[in-house]
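# Topology and contacts: notes
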Amino acid sequence: MKESLAVETKGLTKRFGEITALDGLDLSVKGGETYGLLGPNGSGKTTLIRLLLGILKPTAGEIWVLGKKLPNREASPYIGYMTQAEALYLDLTVRENVLFFAALYSHPSGGRIEEVIKLVGLSERAGSLISTLSGGMKRRVSLACALVHKPRLLLLDEPTVGIDPRLRATFWSYFRELNKEGTTIILSTHVMDEAERCNRLGLLREGRLLAEGDVEELKARTGKATLEEAFLYYSGGSLEQK
Amino acid sequence: MSRSRTLALARRIVLQFRRDRRTLGLLFVVPIVILSLLAYLIKLEAGKVSVGVVNKDGGVVVGSSGVLSLANGLVEEMKSGKAFSVTELKEEEADSWLKSGKGKAVIIFPEDFTQEFRQDGSSNIGVIMEGSEPQAGAAVLRNLGQILQALVVQLPALRGGMVQMPKVEPFKLEISYIYGGEEYDVLDYFAPALIAIFALFLVFLLTVVSFIRERTQGTIERLVASPLTRPEIVLGYMLGFSVFAFLQSLVILLFSVYALRIHYAGNLFIVFVVVLIITIGAVNLGIFLSAFARNELQAVQFFPLVILPQVFLSGVFWPIKNMPIFLQWIAYLLPLTYANSALREVMLKGRGLLESSVALNILALLLFASVFVVLGAFTLRREIA
């Protein structure tokens, strides 16, 4: 693979019994960009993320993450992962959760933990149990846990679903900061407004990549005014259209 | 109140549970299994207690008809009755015979047994109790008492007046103990088993519940995405719960020794080693079984299945040797059987870690633990694939 690529897949296919979740996906994500996987529910976004993490094994095809060919786990210390649900220990405090995930990545420095808690604006609640936090706060803790070890690649599964616009804006300012530091971000979404903020987009439907490019490119190619229309144009047409 | 809404709700519940085979099993199969087990065990004949007999009785010469020995009569009585299986021994063999676990007691009739009785109307019988199983000891004394009682009733008729009319207490039992003593009671016998039961099931319960939480909260997803390896997950869980198991067995031991005043002969360090091994097995059994439950309720449904048979069949209440053969087979497939046996050997008999009766049980426990480790790791693998 080329040096500048953070993630590359070739002919990536994943079947669960009869169901084909991903069908011969060729994807390449450049280092330091934010790449959005845009697609409706069930289009294979989460499956793709889980394959990149090495949690799932592909039925066919190849995956390179940060220069390592999977299923090699050498890349896993440099990947941060924020799941769709909060995935936190409800009976632990904010600090204890962050500390636990930091320790899994051998990054248990106290300074970094307070830093990342401060980054998501929860310094005052650091000693609170997760079960006492609001939904938005839990999302922020979840992001903090994914960031604490300064990953080079951040995989975010629908990171801003169910959070208010202000917090969404805050999250995006973190993502921009991370991009500047060289962190590659891959996120899945089915919200157009969110997709518009990504450097590049992959339109995913029924396990296939319908189109790829930045927002303006996609609009120009389809001759549509909005991304939503562009997306509908692709998904309305036959699957072979690309 | 709407009848149709109520009925709709009731119908929905019936529909839901009709499809839930686990709950159906819990409701209908488990009680039948448990009740059958109980019925079997409670009706169980106590079985013959194995005792040794040392008969040194010289008897008394009675007229021309020869020698009369009361002890011979008693031994015959014991052999023909249902209560005992009798092995005749020499006096010097008695100790090692008991220590090898072949019997629960040795009964010794002294040389002048009949002679004494003829002169004084009273005679001594020596009883050496193995002592580690208070129920068996009690059964020996009870059955021996019945045989002696019957003899006393028959005596006047026996050889008309050859012997004196018996006194109020015609036979005096001089009881000595190999392990423990009279002070060993049923509680002492149960305490080691309780330690094993609590260690096994508390740790099992905690593991199952927390693993299911990992799943329902989605944190397992983060764990498997992290550099954490499967052996690390298993080991980490094991260590975490070992802390609780240690504290728990410490509390149980201290409470039993100082509050309940149980008697124990063994080394508490060995007790801890055994508890640790039980914990390892329990954690992995928990990880394994949690793969078959999606939520806490389903996990709770495992408990009657995993716990009750072990409590009934592992020799906690009923000696395994008295069970029907097929239940014995099941008993030997249960880890608690070996845990109980190891802890009893240590606590009641004061056996050491390397003595075969302890070491073999520990070996069996280690074997179970390693099977469960493999099964546990296998279900974690399934998690990932």
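Residues numbered from 1 in each chain as written. Chains lettered and ligands numbered in written order. Predicted model: local features only at pLDDT ≥ 70, side-chain atom pairs only at ≥ 80, totals over all residues. Heavy atoms only, no water.

Moving on: the interface of chain B and chain A. At the interface, 15 residues of chain B touch 24 residues of chain A. Taking both partners together, chain B and chain A bury about 1,700 Å²; carbon and sulfur atoms supply 53% of that area. Summed over the three residues of chain B that lose the most area to chain A, namely Gln217, Glu221 and Arg222 of chain B, the buried surface amounts to 40% of that side. Our count for the contact surface shared by chain B and chain A stands at one salt bridge. (Contact = heavy atoms within 4.5 Å. Buried area = accessible area lost by both parts, 1.4 Å probe. Salt bridge = Lys/Arg side-chain N within 4 Å of Asp/Glu carboxyl O.)

Residue and element names in this part refer to chain B. A surface patch of nonpolar side chains, about 670 Å² in accessible area, is lined by Leu202, Val243, Phe244, Leu247, Leu250, Leu254 and Tyr258. For the nonpolar patch, the element with the highest residue contribution is helix 9 (residues 230-259), accounting for six residues. You can see Tyr258 is positioned in helix 9. (Patch = residues over 30% accessible without salt bridge, like charges linked within 9 Å, V, L, I, M, F, W, Y side chains within 5 Å. Areas by Shrake-Rupley, 256 points an atom, 1.4 Å probe, with all protein chains shown as cover. Helix = DSSP H or I, 4+ residues; strand = E, 2+ residues; numbered from the N terminus.)

It is worth spelling out the pattern of salt bridges at this point. Tallied over the full model, the rule gives 21 salt bridges over all chains. In this structure, Arg205 of chain A and Glu206 of chain A form a salt bridge, with 3.8 Å as the shortest nitrogen-oxygen distance. Put simply, Lys349 of chain B and Glu130 of chain B hold a salt bridge, and the shortest N to O gap is 3.2 Å. Taken together, the residues span a long stretch of sequence, with Lys349 of chain B in helix 14 (residues 335-349) and Glu130 of chain B in the loop between strand 6 (123-129) and helix 6 (134-154) at a distance of 219 residues. Here the two residues Lys349 of chain B and Glu130 of chain B agree in accessibility, since each one is buried. (Buried < 20%, exposed > 50% of the residue type's maximum accessible area, 1.4 Å probe, protein only.)

A word on the packing of helix 3 (residues 70-80) of chain B against helix 6 of chain B. All names here are of chain B. Here helix 3 crosses helix 6 at 125°, and the two axes come no closer than 10 Å. The angle between the axes of helix 3 and helix 6 places the two elements in the oblique class. Crossing of helix 3 against helix 6: the hand is right-handed. For the pair helix 3 and helix 6, contact is made by Leu74, Glu77 and Met78 and by Leu144, Ile147, Leu148 and Leu151, respectively. Broken down by class, the residue content of the contact of helix 3 with helix 6 amounts to six nonpolar, no polar and one charged. (Axes fitted to C-alpha atoms, helices over the stretch in contact; angles between N-to-C directions. Parallel < 35°, antiparallel > 145°, perpendicular 65-115°, else oblique. Left-handed = near helix turned anticlockwise from the far one by under 90°. Nonpolar A, V, L, I, M, F, W, Y, C, P; charged D, E, K, R; others polar.)

All names here are of chain A. Within the secondary structure, Thr93 is located in the loop between strand 6 (79-82) and helix 2 (94-104). On the basis of relative accessibility, which here comes to 12%, the residue Thr93 falls in the buried class. Non-local contacts of Thr93, meaning those with residues more than four positions away in its chain, are made with Ala126, Gly127, Ser128, Leu129 and Ile130.

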